[in-house]
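Tertiary structure, described
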Amino acid sequence: MTDKLVAIANTFTPDKNVTRVRPLGNGNINDTFLATTASQPETSFILQRINTQVFRQPQWVMQNIRICTEHMRSRCQSTSSDRRWDVPVVFLTEKGQDHHIDADGSFWRAMSAIKNAESFDTIDDAERAAEVGYALGTFHRLTIDLPPEKLADTLEGFHITPRYLQQYEIVREKTTHPETPDTQYCEKFIGDRALLAPVLEAAKQRGKLPLRLMHGDPKINNVLFDRQTKKAVSLIDLDTVKPGLIHYDIGDCLRSACNPAGEETQNWDEVYFDTDLCRAILHSYLAVTHTFLTENDLAYFYDSIRLITFELGLRFFTDYLAGNIYFKVRYPEHNLARAIVQFKLVESIESRERSIALIFKQFQS
Ligand code: GN1
Ligand code: MG
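Just so it is clear, the model here is predicted, and its values are computed rather than measured. (Residues numbered from 1 in each chain as written. Chains lettered and ligands numbered in written order. Predicted model: local features only at pLDDT ≥ 70, side-chain atom pairs only at ≥ 80, totals over all residues. Heavy atoms only, no water.)

1. As for the packing of aromatic side chains
So the rule is basically this: Aromatic rings from Phe, Tyr and Trp, taking only the six-membered ring of Trp, are treated as a pair when their centres fall within 6.5 Å; an angle between ring planes under 30 degrees marks them as stacked, one over 60 as edge-to-face, and anything in between as tilted. Under the DSSP-based scheme used, a helix requires at least four consecutive residues in state H or I and a strand at least two consecutive residues in state E, with every element numbered from the N terminus. Buried, partly exposed and exposed residues are distinguished by accessible area as a fraction of the type maximum, computed with a 1.4 Å probe on protein chains only: under 20%, between the cut-offs, and over 50%, respectively.
Enumeration according to the criterion identifies 14 aromatic pairs in this entry. Centre to centre, the rings of Phe189 and Phe343 are 4.4 Å apart; their planes meet at 20 degrees, and the pair counts as stacked. Here the residue Phe189 occupies a position in helix H5 (residues 181-192), and Phe343 occupies one in helix H11 (residues 334-351), the gap between them amounting to 154 residues. Summarising the burial analysis for this pair, Phe189 and Phe343 share the class buried.

Pasting the structure below:
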């Protein structure tokens, strides 16, 4: 396999000098590797096999990433900034293609690695949190003038919560699963909050929230921090960049960054939503984005945090019931455990509604 991976990596390098390919990170969907050249280790790059069961048109994913990264790069070049901000570069094959399909039909692509940078699965201090807000704000600021209709819909239904609820109901009807206190908790939790599901879609339909370009997956470990300065320098994992609501991003970023126990914990009593981290993230996010956000945008921030957390729990639980066909798992109840983490987080968000609302109040006129 290693030789095969090295050969695949070398389709993206003119010098064919990759000597080592090793697994990187813990993505739930795609397979990610770091490809290294012996002579120049600093030219390591990211090699990924796209999960084509999830991304049915992977060539559209690449097209979206190229449009978005080129746009962000030209915005960075045309505005002076005293801060480092790196946009990943898509590598091309010898034939000038942004992907390579191997003999097994797998879809591969390569992108530059962000130098001297690191990511974290959890954070616990306000300085780092402020950098997370800066990172998401910078991504939204650099893409706000890129018309969303220039991008393809690469993952239909992604973050459309009412659709996930429908799928859950279908899967629940069709499958049999052991009734345990944990599954009963999840079913009751979802049933009690079914009315919450359409909140953002209804606002979109009523014209309160505009269709914009979104990142789609700005969870904490997709923010890269400079190892020396500790400042955020990039927001990676651009597979889900497509037309959507920036509220999905706000919700996803906050549900992931403000959960110090992390989304993989099994210690459910430890799960809580940290409002100090939330405040730090929002302050810096809004400092970058206030020029284009509207009163309506702010009015839906709390709902988006609660909804996207609920939605991810719903997605994990549905996948558990369906037999773990979407998210990678390490054991059969993994998606059930992940769902409970998100639902505990929703409970904590709900219990802190007033203090979360107070954070936004400061920014609403
Ligand atoms: C998936 O594969 P990864 O870890 O980048 C998922 C996100 C979830 C996330 C939860 C395309 O992202 O929506 O929030 O897991 N990506 C897709 O960790 O479904
Ligand atoms: Mg992702």
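Next comes the rest of the write-up.
2. Concerning helix H1 (residues 2-10)
For clarity, the threshold we go by: Residue contacts are counted whenever heavy atoms from the two residues lie within 4.5 Å of one another.
Three or more residues of H1 are buried, namely Leu5, Val6, Ile8, Ala9 and Asn10. Looking at the buried positions of H1, the neighbouring elements they touch are strand E1 (18-23), strand E2 (31-37), strand E3 (45-50), strand E4 (100-101) and strand E5 (107-112).

3. Notes on the domain arrangement of the chain
How big an interface is tends to be stated in terms of the accessible area lost upon association of its parts. The criterion, for reference: Domain limits in this description derive from either an automatic procedure or a database domain assignment. In what follows, salt bridge is the name for a side-chain nitrogen of Lys or Arg lying within 4 Å of a carboxyl oxygen of Asp or Glu.
Taken domain by domain, the chain holds domain 1 (2-113) and domain 2 (126-364). For domain 1 versus domain 2, the separation of C-alpha centres amounts to 26 Å. Opposite the 26 residues of domain 1 that make contact, domain 2 presents 36 residues. At the boundary of domain 1 with domain 2, the tally comes to five salt bridges. The partner of Arg84 in a salt bridge is Asp226, with the nearest N and O atoms 2.8 Å apart. Top element by residues in the side of domain 1 that touches domain 2 is helix H2 (residues 58-78). It accounts for eleven residues.

4. A short note on the pattern of salt bridges
A side chain with one charge can pair with a side chain of the opposite charge if their charged atoms come near. Scanning the entire structure with this criterion turns up 25 salt bridges. With a shortest N-O distance of 3.5 Å, Arg172 and Glu187 are connected by a salt bridge. Here Glu187 lies in helix H5 and Arg172 lies in helix H4 (residues 161-174), a separation of 15 residues in the sequence. Judged by its relative accessible area of 38%, Arg172 is partly exposed.

5. Observations regarding the packing of H4 against helix H10 (residues 301-322)
Note the cut-off: For helices, the fitted line uses only the C-alpha atoms of the stretch in contact; every axis is such a line through C-alpha atoms, and the angle between N-to-C directions lies from 0 to 180 degrees. Oblique is the label for every angle not falling under 35 degrees (roughly parallel), over 145 degrees (roughly antiparallel), or within 65 to 115 degrees (roughly perpendicular). Each crossing is labelled by how the near helix is turned from the far one, with a counterclockwise turn of less than a right angle marking it left-handed and a clockwise turn marking it right-handed. The nonpolar class holds Ala, Val, Leu, Ile, Met, Phe, Trp, Tyr, Cys and Pro. Asp, Glu, Lys and Arg form the charged class, and all remaining residues, Gly among them, are polar.
It is the contact of H4 with H10, at a shortest axis distance of 10 Å, that shows an interaxial angle of 25 degrees. On the basis of the axis angle, H4 is roughly parallel to H10. The two elements H4 and H10 meet at a crossing, and its hand is left-handed. Packed against H4, whose contacting residues are Thr161, Tyr164, Leu165, Gln167, Tyr168, Val171 and Arg172, the element H10 presents Leu307, Phe310, Glu311, Leu314, Arg315, Phe317, Thr318, Leu321 and Ala322 at the interface. Split into classes, the residues belonging to the contact of H4 with H10 amount to ten nonpolar, three polar and three charged.

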